[in-house]
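Secondary and tertiary structure notes
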Amino acid sequence: MNDYSFFGLLMLTVLLSAMASSLAQNGALASANVLGSVYTNGVMVGQAIAGALPPLALICSLLLTGVNKLDSDIGEHHPHKAPNAGLTLYFLSACLVAFLSVSMLILSNRYKRLHTYTPLESVAADEEEEEPIHLLQKKHVPFSVLWGKLKLIVMTIFLTFCITLVFPVFASTVTSVQENPSLTILKKSIYIPFIYLMWNMGDLIGRVLCGMPNSRFLVQDPKTLITYAIVRVFFIPLFMTCNIHPGTSNPMISSDLWYILLQFLFGLSNGQLCTSCFMVIGDNCTTDDEKEAAGGFATVFLTFGLAVGSLLSYLFVPVVG
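Reading the values: the criteria
- Residues numbered from 1 in each chain as written.
- Predicted model: local features only at pLDDT ≥ 70, side-chain atom pairs only at ≥ 80, totals over all residues.
- Heavy atoms only, no water.
- UniProt positions renumbered as here; feature names shortened; annotations may be inferred.
- Helix = DSSP H or I, 4+ residues; strand = E, 2+ residues; numbered from the N terminus.
- Salt bridge = Lys/Arg side-chain N within 4 Å of Asp/Glu carboxyl O.
- Expected span 1.5 Å × (residues − 1).
- Buried < 20%, exposed > 50% of the residue type's maximum accessible area, 1.4 Å probe, protein only.
- Patch = residues over 30% accessible without salt bridge, like charges linked within 9 Å, V, L, I, M, F, W, Y side chains within 5 Å.
- Areas by Shrake-Rupley, 256 points an atom, 1.4 Å probe, with all protein chains shown as cover.
- Core = buried A, V, L, I, M, F, W, Y, C linked by side-chain atoms within 4.5 Å.
- Contact = heavy atoms within 4.5 Å.
- Polar contact = N/O pair within 3.5 Å; in protein donor to acceptor, adjacent residues only side chain to side chain.
- Phe/Tyr/Trp six-rings, centres within 6.5 Å; stacked < 30°, edge-to-face > 60°.
- Axes fitted to C-alpha atoms, helices over the stretch in contact; angles between N-to-C directions.
- Left-handed = near helix turned anticlockwise from the far one by under 90°.

1. Let's talk about the UniProt feature "signal peptide" (unreviewed entry) in the chain
In the numbering adopted here, UniProt assigns the feature "signal peptide" (unreviewed entry) to residues 1-24. Here residues 1-24 runs as 92% helix and 0% strand, with 32 Å between its end C-alpha atoms.

Structure representation (C-alpha cells):
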C-alpha cells in the first residue's frame, strides 16, 4: 500500500471512530441527564479513566523495555519515538477499556430492566406508585428553548475544551530542565507520557470530586462556570515560563515540579468544569424531553470546542519547541 492510500485509509478510520464516539457519547449523556446528575458524573468519570489508562500503559511498557536503552537507541533525532511493544500495549489498553465498557453495558441490560433505573433525587416513598422512566424522547425540543436555558453552560463547555486543547502542544514538547536526570521519570523517553498521565490524573480527580455527596467542588452557578472557564486562559502564559525551548534557551522558571504542578492543575480544572457543566444541565431543564435533548445539545458544543481548540493550538506550535 502506497503512502497516499495508507493516509486516506487512516483518515477514514479516524472519521468513523469519531462518529462512533460521538453517537455513544450522545446516547450516554442523554440517558444520564434524565436519570440524574449522579449518573452523569459516572459517565464523566468513565471518560477520565479511559483517558488515564493509555499513558499509564505506555509508561509501564517503557519501564519494562528499559528507559536507558530506549534513550540511547532513539537519540536526539526521534524524541517521541517509542518501541513497537510500547505502542502495542498502548493500543491494547484502549481496546481493553472499550471491551470492558461494552461488556458492562450488555450485563446491565441483561440483568436490569429499564424501569429499575430511577433518579436518586426523586425516589418516591411509595415505590408501587412510582412511574417508570422513559428514555425515548417524545417530542422535538427547539434549539431556541435549549439555548435560552443552557447558553452559559454550553458556552462554558465550548471555552473549556477550546482552551484545554492547548495542553498537548506543551506536553509533547517540554522536557525536563535537567540535562542528565538521575530520576527515571525525568528521562526524555518517559517524561512526556508521564506529563500526559499527570494531566489525566488531575482531570480524573476533578471529575470524581464533583460527584462526592454535597461536594463544594461542584460549581452550579452558570455565571461562575463561564467566568472560571475564561480565567483558565491564564494557564497559557504560565506554561510559557517552563522549558518550552529545551536545549536552546533557559526557562523563566527552571523547575520540573512547577511544570508538573501546572499540568496537574490544568487537568484538575478541566475535570471540574466539564463535569460541573454536565451535572447541572439537568437542573436547568424542565421536562425529561429537554433533559434528553440537552445531552446531545451540550455534546455538540463539546465537539465544536475540541475542533476550534485543535485549530487554535497550531498558533502555539511555532512558539513552543
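2. With respect to the pattern of salt bridges
If you walk through the whole model with that rule in mind, you get two salt bridges. With a shortest N-O distance of 2.8 Å, K149 and E290 are connected by a salt bridge. Placement of K149 in helix 5 (residues 143-164) and of E290 in helix 11 (residues 288-313) is noted, with a sequence separation of 141 residues between them. Between R207 and D203 there is a salt bridge, with its nearest N and O atoms 3.1 Å apart.

3. Overview of helix 10 (residues 256-281)
Relative to the 38 Å expected for 26 residues at 1.5 Å per residue, helix 10 spans 38 Å between its end C-alpha atoms, a close match to the ideal helical length. Counting buried positions over the 26 residues of helix 10 gives 21, a clear majority of the element.

4. Overview of the UniProt feature "transmembrane region" (unreviewed entry) in the chain
Per the UniProt record, "transmembrane region" (unreviewed entry) is found at residues 48-67, 87-107, 152-177, 189-205, 225-245, 257-281 and 293-317. Taken end to end, residues 225-245 is 57% helix and 0% strand, and its two terminal C-alpha atoms sit 34 Å from one another. With 84% helix and 0% strand, residues 293-317 has end C-alpha atoms that lie 37 Å from one another.

5. What to know about unusual backbone geometry
Even without being glycine, N214 reaches a positive phi, approximately 50°. With respect to the helices and strands, N214 occurs in the loop between helix 7 (188-210) and helix 8 (222-231).

6. Here we look at a nonpolar patch on the surface
On the surface, M1, F6, F7, L9, L10, M11, L12, V14, L15, L16 and M19 cluster together into a nonpolar patch covering about 1100 Å² of accessible area. Within the secondary structure, L12 is located in helix 1 (residues 3-35). Looking at L12, the relative accessible area reads 42%, which means it is partly exposed.

7. Describing the nonpolar core
In terms of nonpolar packing, the biggest core is built from 29 residues, with F170, I195, F239, Y259 and F266 touching the most fellow members. Every element with two or more residues in this core is listed here: helix 2 (37-65), helix 6 (167-171), helix 7, helix 9 (235-239) and helix 10. Apart from the residues within four sequence positions on either side, F170 is in contact with I236, F239, M240, I244, Y259, Q263 and V320. Residues L29, I153, L225 and V280 belong to the second largest nonpolar core, which totals 28 residues.

8. Here's the deal with helix 1
The terminal C-alpha atoms of helix 1 lie 48 Å apart, and with 33 residues this matches the ideal 48 Å at 1.5 Å per residue to within 8%. Every buried residue belonging to helix 1 is among Q25, L29, A30, A32, N33, V34 and L35, and all of these are buried. Looking at the buried positions of helix 1, the neighbouring elements they touch are helix 2, helix 10 and helix 11. Where helix 1 starts, the residue carrying a side-chain oxygen 3.2 Å from the main-chain nitrogen of Y4 turns out to be N2.

9. What to know about the packing of aromatic side chains
Summed over all chains, the structure comprises 14 aromatic pairs. Aromatic side chains F143 and W147 sit 6.3 Å apart centroid to centroid with 10° between the ring planes, which places their arrangement in the stacked category. In this pair, F143 and W147 both sit in helix 5, four residues apart, roughly one turn of the helix. Assessed through its relative accessible area of 30%, W147 is described here as partly exposed.

10. Description of the side chain of S276
Mapped onto the fold, S276 is located in helix 10. Owing to a relative accessible area of 0%, S276 belongs among the buried residues under this scheme. Within the local environment of S276, its side chain forms a polar contact with the backbone nitrogen of V219, the two atoms lying 3.2 Å apart. Beyond its immediate sequence surroundings of up to four residues, S276 is in contact with C210, F217, L218, V219 and L225.

11. Quick look at the environment of F194
In this structure, F194 sits in helix 7. Overall, F194 belongs to the buried group, its relative accessible area being 14%. Along the sequence, F194 and A171 sit 23 residues apart, while their C-alpha atoms lie 9.3 Å from each other. If we ignore the near neighbours within four places in the chain, the residues touching F194 are I59, I185 and I260.

12. Quick look at the packing of helix 2 against helix 10
Look at helix 2 against helix 10: their axes get within 8 Å of each other, and the N-to-C directions meet at 145°. Both helix 2 and helix 10 take part in a crossing whose hand is right-handed. Across the interface between the two elements, S37, T40, N41 and M44 from helix 2 touch C274, T275, F278 and M279 from helix 10.

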